[in-house]
Amino acid sequence: METPILCKNGARPTQSASGGLLLPTKFLSLMDQKLRASNNKKIQEIKTDALTWVHVSRATKAETDELRRRFGFSELDLKDVLPPTQRPKLIPRNDYLFMILIYPVFDEKTRQTRLSEVDFFMNGNLLVTVNDGDDVKTISALFEECQKDQATRVQYFAQTPALLLYEILNRTLSKIFPMLIHVGNDIDEVERDILTQYGRETISEILRLKTNLVDVRRAMQQQPTVIEKLIIKAPEFFSIAKLRIYFNDLVEHNHEIWDTLESHKDAINALHETNESLLSLRINEIIKTLTVFSVLLLPMTLVTGIWGMNLAVPLTNHPYGFGIVLAIVGAVGGTLLLIFKRKRWL
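To keep things clear, this report deals only with the structure shown in the data block.

The rules behind each value
- Residues numbered from 1 in each chain as written.
- Predicted model: local features only at pLDDT ≥ 70, side-chain atom pairs only at ≥ 80, totals over all residues.
- Heavy atoms only, no water.
- Helix = DSSP H or I, 4+ residues; strand = E, 2+ residues; numbered from the N terminus.
- Buried < 20%, exposed > 50% of the residue type's maximum accessible area, 1.4 Å probe, protein only.
- Phe/Tyr/Trp six-rings, centres within 6.5 Å; stacked < 30°, edge-to-face > 60°.
- Expected span 1.5 Å × (residues − 1).
- Core = buried A, V, L, I, M, F, W, Y, C linked by side-chain atoms within 4.5 Å.
- Contact = heavy atoms within 4.5 Å.
- Salt bridge = Lys/Arg side-chain N within 4 Å of Asp/Glu carboxyl O.
- Patch = residues over 30% accessible without salt bridge, like charges linked within 9 Å, V, L, I, M, F, W, Y side chains within 5 Å.
- Areas by Shrake-Rupley, 256 points an atom, 1.4 Å probe, with all protein chains shown as cover.
- Lys, Arg positive; Asp, Glu negative; His and termini not counted.
- Charge placed at Lys NZ, Arg CZ, Asp CG, Glu CD.

### Here we look at unusual backbone geometry
So, step 1. At the junction of Pro83 and Pro84, the peptide bond is cis and its omega measures out at 5° in the coordinates.
So, step 2. Following the sequence through the fold, Pro84 ends up in the loop between helix 3 (75-81) and strand 6 (89-92).
So, step 3. Its identity as a non-glycine residue notwithstanding, Arg111 has a phi of 60°, on the positive side.
So, step 4. Looking at the element boundaries, Arg111 is found in the loop between strand 7 (97-107) and strand 8 (112-123).
So, step 5. Using a relative accessible area of 32% as the deciding quantity, one classes Arg111 as partly exposed.

### What about the environment of Ile43?
So, step 1. Positionally, Ile43 belongs in strand 4 (residues 43-47).
So, step 2. The buried category is assigned to Ile43, whose relative accessible area is 1%.
So, step 3. The spacing of Ile43 and Val130 is 87 residues in sequence and 9.0 Å in space, taken between C-alpha atoms.

### Some remarks on the packing of aromatic side chains
So, step 1. Evaluation of the coordinates by the stated rule reveals nine aromatic pairs.
So, step 2. Ring pairs connect the aromatic residues Phe71, Phe73, Tyr96, Phe98 and Phe121, which therefore count as one cluster.

### Overview of helix 11 (residues 321-342)
So, step 1. Across its 22 residues, helix 11 extends 32 Å between first and last C-alpha, which sits within 8% of the 32 Å expected from 1.5 Å per residue.
So, step 2. Directly after helix 11, the chain includes Arg344, whose backbone phi takes a positive value near 60°.

### Quick word on the nonpolar core
So, step 1. Residues Trp53, Phe120, Leu230 and Phe247 are the most contacted members of the largest nonpolar core, which totals 73 residues.
So, step 2. With residues up to four places along the chain from it excluded, the contact list for Trp53 reads Gln44, Glu45, Ile46, Leu127, Thr129, Ile139, Leu142, Phe143, Cys146, Phe157, Leu164 and Ile168.

### Considerations on the pattern of salt bridges
So, step 1. A full pass over the atoms with the stated rule returns 19 salt bridges.
So, step 2. With a shortest N-O distance of 3.2 Å, Asp135 and Arg114 are connected by a salt bridge. Of this pair, Asp135 sits in the loop between strand 9 (126-131) and helix 4 (137-148) while Arg114 sits in strand 8, placing them 21 residues apart in sequence.
So, step 3. On the basis of relative accessible area, Asp135 is assigned to the partly exposed category, the value being 23%.
So, step 4. For Arg114, a relative accessible area of 35% corresponds to the partly exposed category.

### Let's talk about a negative patch on the surface
So, step 1. A cluster of acidic side chains, namely Glu228, Glu252, Glu256 and Asp259, defines a negative patch on the protein surface.
So, step 2. Overall, Glu228 belongs to the partly exposed group, its relative accessible area being 38%.

Following this line, the structure appears as structure tokens:
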């Protein structure tokens, strides 16, 4: 989605002959002079004359204390910033909005998905983002881009935090679509292998997919509601009139993600049921085979047991007695095999 480029007071930037953005020299100098970092290395800051973005990459007591000292955030909100992970929500305060969103993060080494919380504090000229562990790389990448690239700062820092907030949400949300494609490819791979592979590997793979899907669903289930509430409450703190259509697109993207998750959920459940049916069928086949062998051996054991007793039984002293007994045993076994085959038990 193309992001609108707005300048201070709603004006659009002019372009030079080479296509570059042109802004007043005074405005650019203010932006360049106010890039700075906190004494706490986990708290970084970009400040212009219109907007300040503070990004916190670790959520401990030290960071929340500094945020409370500098900005006067509510103790309840700062407590939610600390672990454990909270539910997605939006809370309007007297002079700022507090929002929590949850995003899935895929670990390529373990092939497991975990949840990462992102906290937002925002008002007319301030945006604070907190992501413990910096797991959501799109936020830190955008922050670094704004630090290094003047054109990016011009684009996102000229007005209220609405444009910058939209860009963060849009980039972060866009990263989920490749994750869903990856999950879909894994489902297809399991579907191809399920008829030829049995055992713990297939079960473990299905369990991993189900667990990852549950985590993504937990992260995304409440996001549309939170963003819809943001669209309603944000104008009380900063204008989003020119970006309302873009925030509505975020809600639509969330619905698209949820529809894909529902489809993946149905596919994984179907694979799980298919695998269970195949395992049950295989167990039944094994039990049937063992039962057939038991039935075949039972009369043979009976015959050999009778002629093995220390009693006077027929053919005991017969010169061909051993061969006759073997023939009887073979005849009994062969007869049973024919019966089983006619009944299609074998």
